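The chain contents come next:
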Amino acid sequence: MARDFSNLLEQLRQGTIKELTVEPDEFSEFQPIYMKYDQRKRVIGSAQRSGKVVYHFETHENGEH
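Residues numbered from 1 in each chain as written. Predicted model: local features only at pLDDT ≥ 70, side-chain atom pairs only at ≥ 80, totals over all residues. Heavy atoms only, no water.

Draft legend 1. Structural view of the sheet that holds strand S1 (residues 20-22). Strand order in this open sheet of three strands is S1-S3-S2, and the pairing throughout is antiparallel. A strand with exactly one partner marks an edge of an open sheet, and here the two such strands are S1 and strand S2 (43-47). In this sheet, adjacent strand axes meet at a mean angle of 25° when their direction is disregarded. Inspection of the sheet shows S2 paired to strand S3 (residues 53-57) by five bridges, in the antiparallel sense. (Pairing = 2+ DSSP bridges. Helix = DSSP H or I, 4+ residues; strand = E, 2+ residues; numbered from the N terminus. Axes fitted to C-alpha atoms, helices over the stretch in contact; angles between N-to-C directions.)

Here it is, written out as structure tokens:
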């Protein structure tokens, strides 16, 4: 079952989750949702050796979203 990436990105923004891991086989589903996400420039991804990408939400220096 496909994950609800819109909801997961929103949880990431709100701080409900600290990171979002996207597996290589999920990326084609994730990418269009990510590109439409209003706050995408604050969603920072780090590529892993296994092909996974781990995303976190960049907050302001004072910790506010």
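From this point, things continue past the structure.
Draft legend 2. Inspection of the packing of aromatic side chains at higher detail. Following the criterion strictly, the structure yields five aromatic pairs and no others. Here Phe-27 and Phe-30 contribute two aromatic rings whose centre-to-centre distance is 6.3 Å and whose plane-to-plane angle is 50°, an arrangement assigned as tilted. One end of the pair, Phe-27, and the other, Phe-30, are both in helix H2 (residues 27-36), three residues apart, so they sit about a helical turn from each other. Phe-27 sits in the partly exposed class, given a relative accessible area of 36%. Relative accessible area serves as the criterion here: at 0%, Phe-30 is assigned to the buried category. Taken together, a centroid distance of 5.8 Å and an interplanar angle of 40° make the contact between Tyr-34 and Tyr-55 tilted. Highlighted residues: Tyr-34 in helix H2 and Tyr-55 in strand S3, separated in sequence by 21 residues. (Phe/Tyr/Trp six-rings, centres within 6.5 Å; stacked < 30°, edge-to-face > 60°. Buried < 20%, exposed > 50% of the residue type's maximum accessible area, 1.4 Å probe, protein only.)

Draft legend 3. View of helix H1 (residues 5-14). Residues of H1 that are buried: Phe-5, Leu-8, Leu-9 and Leu-12. The buried residues of H1 occupy an angular sector of 100° when the element is viewed end-on, so they sit on one face. Its buried side turned inward, H1 meets S1, H2, S2 and S3. A positive phi of about 85° marks Gly-15, the residue just after H1. (Arc of directions from axis to C-beta. Contact = heavy atoms within 4.5 Å.)

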